[in-house]
Amino acid sequence: MPHIAVNMYPGRDEATKRDIAEKLQQFYVETFGTDPEAVSVSIVEIPGEEFSETIQQRYRPGDLYLSSRAVPAGEYIRRR
């Protein structure tokens, strides 16, 4: 059962988060031919001042397929 995890800055309302989750689920279903009921989506809001460190602690460097200004590739804290 695939799971899509989204970490984002706070500030979106519940309707927007639900819309994002549904669109991600639909994209996954269309791309991989998966049953929609098998795909779960979570959205976790992380305050801006904690974002980089939280992401760096939560994910391995090789799991970051696209980097951003908030979490640049190669600048991970080695705590694992």
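As a reminder, the structure under discussion sits directly above these lines.
Notes on the structure follow. (Residues numbered from 1 in each chain as written. Predicted model: local features only at pLDDT ≥ 70, side-chain atom pairs only at ≥ 80, totals over all residues. Heavy atoms only, no water.)

1. A word on helix α1 (residues 14-32)
The criterion, for reference: Helix numbers and strand numbers start at the N terminus; a helix is a DSSP run of H or I with at least 4 residues, a strand a run of E with at least 2. By this rule, a helix spans an expected 1.5 Å times one less than how many residues it contains. Categorising residues by exposure relies on relative accessible area from a 1.4 Å probe, with only protein chains included: less than 20% of the type maximum marks a residue as buried, more than 50% marks it as exposed, and the intermediate range marks it as partly exposed. It is the directions from the helix axis to the C-beta atoms that the arc portrays. Contact definition: two residues touch when any of their heavy atoms are within 4.5 Å. Pairing of N or O atoms within 3.5 Å defines a polar contact, subject to two protein rules: one partner must be a possible hydrogen donor and the other a possible acceptor, and residues neighboring in sequence count only if both atoms are side-chain atoms.
In a regular helix each residue adds 1.5 Å, so 19 residues correspond to 27 Å; α1 covers 27 Å between its end C-alpha atoms and thus fits that length. Restricting attention to buried positions, one finds in α1 the residues K17, A21 and V29. Down the axis of α1, the smallest arc covering the buried residues is 105°, so these residues share one side. In α1, the exposed residues that point more than 90 degrees away from the buried face are A15, K23, F27 and E30. If you follow the buried residues of α1, they end up packed against β2 (40-45). Between the side-chain oxygen of the N-cap and the backbone nitrogen of A15 there are 3.2 Å, and the N-cap of α1 in question is D13. Directly beyond the C-terminal end of α1, a positive phi value near 65° is found at G33.

2. Focus on the packing of aromatic side chains
Counted only if it meets this: Here a pair means two rings of Phe, Tyr or Trp (six-membered ring of Trp) with centres within 6.5 Å. Their orientation is stacked below 30 degrees between planes, edge-to-face above 60, and tilted elsewhere.
This structure, assessed with the given rule, holds two aromatic pairs. With 4.8 Å between their ring centres and 50° between their planes, Y9 and F51 make a pair best called tilted. Of the two residues, Y9 is situated in the loop between β1 (3-8) and α1 and F51 in helix α2 (residues 48-58); the sequence distance between them amounts to 42 residues. A relative accessible area of 39% places Y9 in the partly exposed class. Relative accessible area serves as the criterion here: at 10%, F51 is assigned to the buried category. Look at Y28 and F32: their rings are 4.6 Å apart centre to centre, the planes differ by 45°, and that puts the pair in the tilted class. In this pair, Y28 and F32 are both assigned in helix α1, four residues apart and thus about one turn of the helix distant. Judged by its relative accessible area of 23%, Y28 is partly exposed. Take F32: its relative accessible area is 54%, and that puts it in the exposed class.

Distances and angles like these do not, on their own, reveal function.
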